[in-house]
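# Notes for the structure review
Chain by chain, the residues run as shown.
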Amino acid sequence: MRTVDLIEKKRNGLELTKAEIDFLIGGYTRGEIPDYQMAAWAMAVYFRGMTREETVALTQAMEHSGDTVDLSAFGRYSVDKHSTGGVGDKTTLIVAPIVASLGGKLAKMSGRGLGHTGGTVDKLESIPGFQTTLTPEAFRRQVEEIGVAVIGQSGDLTPADKKLYALRDVTATVDSMPLIASSILSKKLAAGAKSIVLDVKCGSGAFMKTEADGRALAETMVSIGSACGRNMAALITNMDLPLGMYIGNALEVMEAVDVLRGKPGALRELCSALAAQMLSLCHGWTVAEATERVTEAIDSGRAMETMEKWVAAQGGDAAALTDFTRLPQAAEKHPVLAQRSGYLTHMDAEGVGIASSILGAGRRQKGDTIDPAAGIVLEKTTGDYVEAGEVLAWLHTNQPATLPEAEARFTAALTWGEEKPEAQPLIYGIVRGGAHG
Ligand code: URA
């Protein structure tokens, strides 16, 4: 087989076979196929697309390009969730203890934040003492006993995706549906769970800007995951505004705890929907039955108890979940005041995420340290009427010099109007795959 022939075949809009895709991905991972040929192939895919069979083959080739996690010991109960990323997205902190308290097994690897989006590992590490590295044996035992363990990426999972993603990033080939779907799913499949629920975000703070694109990505990933033998579901959800009212690492832990203690609102609604899908897939319950059990797990305090056990098991200060003063606190809490009266008709989630990052909550580059206390507490959100002089938000930071730039980014993210905007749905739709037992 010659790489140039495969590039030409794709350029001409023809379908590659599984053997040809294995040849490309294997050769690229081993360093036998150079970046320039892989870039040409990625661009051909960008313009010509891929069939479902090709996308399945690409996903599986990347899944098996490195280590894979074996969760077969947990049988049908191993379950994972993945969010395509957003601002204020602390859903894992809420969903994981709910699902674990109801018999699901979450042996989860999570990422750190980059750019304007946060990462679960950073959020968990804002709890004093919380360890996000565990030995494989401690990881397995914790999942068995408590139902949940979350660690940072470890091992050499999907090296093909790491290489290809970095290449796509600099060759204008990121936003290709089959390349995105296979990139996300190969990592999830390698992480081993039998059931996978995807939270595909769309809107100003997300990778997919429109609902139609979000739905197409959700359908593609559910179809491919099902073809690979996993139980799949995807929620298509709104990321046109930040999720919840707290953005920043320790701040998001506080808001997650509030929801687990019963606070109502959009965040609880979304987490309940995600948890219900996960439980429905791994137990075979109907979604209605799973939803009832989720409500009971929150209202009875069982999910919160699981959160405390989980945090303590990973070395974290569980008392900080009751006494928030034990969590990192910012020295400076600066109010942003409304300069005018009117309705907030739009709050650009990406802009708010960037403002939070400037305050110290995020990284400009991989490897930068973050300030766990930094972030933003919103007092107003899209749809609210605001009087001039009212507090819109509090900016939390330990670096007061960042305040002018952060405040400018925050206020630039707001759109004002005279009329109340139409309420937007939180969940646009749900896609389910076939069951695989
Ligand atoms: N996230 C991923 O992991 N891969 C993509 O291609 C896009 C978003």
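All of these numbers come straight from a predicted model, not from anything done at the bench. (Residues numbered from 1 in each chain as written. Predicted model: local features only at pLDDT ≥ 70, side-chain atom pairs only at ≥ 80, totals over all residues. Heavy atoms only, no water.)

### Topic: the overall build of the chain
Going by this rule: Numbered from the N terminus, helices here are DSSP runs of H or I no shorter than four residues, and strands are runs of E no shorter than two. To get the radius of gyration, use the C-alpha atoms; to get the globule rule, take the number of residues to the power 0.38 and multiply by 2.2 Å. The classification of residues rests on relative accessible area computed with a 1.4 Å probe and restricted to protein chains. Under 20% of the type maximum is buried, over 50% is exposed, and intermediate values are partly exposed. Calculation of accessible area relied on Shrake-Rupley with a 1.4 Å probe; when residues are assessed, cover is drawn exclusively from the protein chains displayed. Lys and Arg are tallied as positive, Asp and Glu as negative. Neither His nor the chain termini are counted. Think of each charge as sitting on NZ of Lys, CZ of Arg, CG of Asp or CD of Glu.
If you tally the helices and strands in the chain, you get 16 helices and 13 strands. The C-alpha radius of gyration computed for the chain amounts to 22 Å, which stays within 12% of the reference 22 Å derived for 437 residues, consistent with globular compactness. Reported as C-alpha extents along the three principal axes, the dimensions of the chain are approximately 70 × 45 × 40 Å. Relative to its 437 residues, the chain shows a buried fraction of 54%. In the structure as shown, the chain presents an accessible area of about 17,400 Å², 52% of it carried by carbon and sulfur atoms. Between the averaged position of the 43 positive side-chain charges in the chain and that of its 54 negative side-chain charges there is a distance of 4 Å.

### Some thoughts on the site of the ligand
Using the following cut-off: For each residue, the test is whether any non-hydrogen atom lies within 4 Å of the molecule or strand; if one does, the residue is near. Definition of a polar contact: a pair of N or O atoms within 3.5 Å, with one able to donate and the other able to accept a hydrogen when the atoms are protein atoms, and with sequence-neighbouring residues admitted only if both atoms are side-chain atoms. Each residue receives one of three labels: charged for Asp, Glu, Lys and Arg, nonpolar for Ala, Val, Leu, Ile, Met, Phe, Trp, Tyr, Cys and Pro, and polar for the others, Gly being one of them.
Around the ligand lies a shell formed by Tyr165, Arg168, Ile180, Ser183, Ile184, Lys187 and Phe207. Within the contact set of the ligand, a nitrogen atom lies 2.6 Å away from a side-chain nitrogen or oxygen of Ser183. Alone, the ligand offers 230 Å² of accessible surface; in the complex the protein occludes 83% of this. Of all the secondary structure elements, the ones that give two or more residues to the shell around the ligand are α8 (159-169) and α9 (177-190). Looking at the shell around the ligand element by element, the count peaks at 4 residues for α9. Considered class by class, the residues forming the shell around the ligand number 4 nonpolar, 1 polar and 2 charged.

### Notes on the packing of aromatic side chains
Put simply, the rule reads: Think of it this way: a Phe, Tyr or Trp ring, Trp meaning its six-membered ring, pairs with another when their centres are within 6.5 Å, and the plane angle makes it stacked under 30 degrees, edge-to-face over 60, tilted otherwise. A ring is scored as having a charge over it whenever the NZ atom of a lysine or the CZ atom of an arginine sits within 6 Å of its centre and within 35 degrees of its normal.
For the structure shown, the criterion picks out 3 aromatic pairs. A ring pair is formed by Phe130 and Trp310, whose centres lie 6.3 Å apart and whose planes are at 85°; its orientation type is edge-to-face. Here the residue Phe130 occupies a position in the loop between α6 (120-125) and α7 (136-146), and Trp310 occupies one in helix α14 (residues 302-313), the gap between them amounting to 180 residues. In this structure, Phe130 and Trp310 share a single accessibility class: buried. Seen from the ring of Tyr165, Lys187 lies directly overhead, with NZ or CZ sitting 5.9 Å from the centre.

### Brief notes about the sheet that holds strand β9 (residues 375-378)
Pairing between the strands of a sheet is mediated by backbone hydrogen bonds and can be parallel or antiparallel. For clarity, the cut-off: In this scheme, strands are said to pair when DSSP sees at least two bridges between them.
The 4 strands are arranged β6-β9-β11-β7 in an open sheet whose pairing can be described as antiparallel. Edge positions in the open sheet fall to β6 (246-247) and β7 (332-337), since each of these has one partner strand only. Judged from the 2 bridges that link them, β6 and β9 form a sheet pairing that is antiparallel. Considered in β9, the bridge of Tyr246 is made with Val377.

### Quick look at the pairing of strand β1 (residues 79-83)
Among the 5 residues in β1, 4 count as buried, and that is most of the element. In the sheet, β1 pairs with strand β4 (residues 195-202) via 5 bridges, with the strands oriented parallel. In the strand pairing of β4, His82 is matched with Leu198.

### Quick look at the pattern of salt bridges
Test applied: The term salt bridge refers to a side-chain nitrogen of Lys or Arg lying within 4 Å of a carboxyl oxygen of Asp or Glu.
Scanning the entire structure with this criterion turns up 25 salt bridges. Here Glu255 and Lys90 are joined by a salt bridge, their closest N and O atoms 2.6 Å apart. Here Glu255, found in helix α11 (residues 249-260), pairs with Lys90, found in the loop between β1 and α5 (91-101); they are 165 residues apart in sequence, far enough to count as distant. The partner of Glu144 in a salt bridge is Arg140, and the shortest N-O contact between them spans 2.8 Å. Of this pair, Glu144 and Arg140 both sit in helix α7, 4 residues apart, which is roughly one turn of that helix.

### Re the packing of helix α2 (residues 18-29) against helix α4 (residues 52-63)
Pairs of packed helices are described in terms of their axes, by the angle between the two and the distance that separates them. Cut-off, in case you're wondering: Axis geometry follows a simple rule: fit a line to the C-alpha atoms, using only the stretch in contact for helices, then measure angles between N-to-C directions, giving values from 0 to 180 degrees. Helix crossings fall into two classes, left-handed where the near helix is turned counterclockwise from the far one by less than a right angle and right-handed where it is turned clockwise. Residues count as neighbours in contact if any of their non-hydrogen atoms are within 4.5 Å of one another.
At a minimum axis separation of 9 Å, α2 and α4 run at an interaxial angle of 35°. Crossing geometry of α2 relative to α4 is assigned as right-handed. Along its contact with α2, which presents Lys18, Ile21, Asp22 and Ile25, the element α4 presents Glu54, Ala57, Leu58, Gln60, Ala61 and Met62. Considered class by class, the residues forming the contact of α2 with α4 number 6 nonpolar, 1 polar and 3 charged.

### Brief notes about the sheet that holds β4
Overall, mixed pairing links the 4 strands, which are arranged β1-β4-β5-β13 in an open sheet. Either end of the sheet is taken by a strand with one partner, and the two such strands are β1 and β13 (427-432). The mean angle between the axes of side-by-side strands here comes to 15°, regardless of whether they run parallel or antiparallel.

### Remarks on the side chain of Thr92
If you trace the backbone, Thr92 turns up in helix α5. The contact partners of Thr92, leaving out residues within four places of it in the chain, are Lys81, Pro97, Lys108 and Thr120.

### With respect to the pairing of strand β11 (residues 391-397)
By the criterion of burial, β11 is predominantly enclosed, with 5 of the 7 residues buried. With 6 bridges connecting them, β7 and β11 associate as antiparallel partners. The residue bridging Pro335 from the neighbouring strand is Trp394, located in β11. Where β9 lies against β11, 4 bridges are found, and the strand directions are antiparallel. Each residue of the ladder has a partner; that of Ile376, found in β11, is Leu395.

### Some remarks on the nonpolar core
Definition in use: Residues grouped as a nonpolar core are buried Ala, Val, Leu, Ile, Met, Phe, Trp, Tyr and Cys residues, joined through side-chain atoms within 4.5 Å.
Judged by nonpolar contacts, the single largest core of 80 residues is most densely connected at Ile98, Trp310, Ile376 and Phe410. Counting residues per element, this core draws most heavily on helix α12 (residues 266-283), at 11 residues. Those residues in contact with Ile376 that sit more than four places away from it in its chain are Met245, Tyr246, Ile247, Leu251, Val352, Ala355, Ser356, Leu359, Ala393, Trp394, Leu395 and Phe410. In this structure, Ile7, Ile33, Val45 and Ala57 belong to the second largest nonpolar core, which totals 22 residues.

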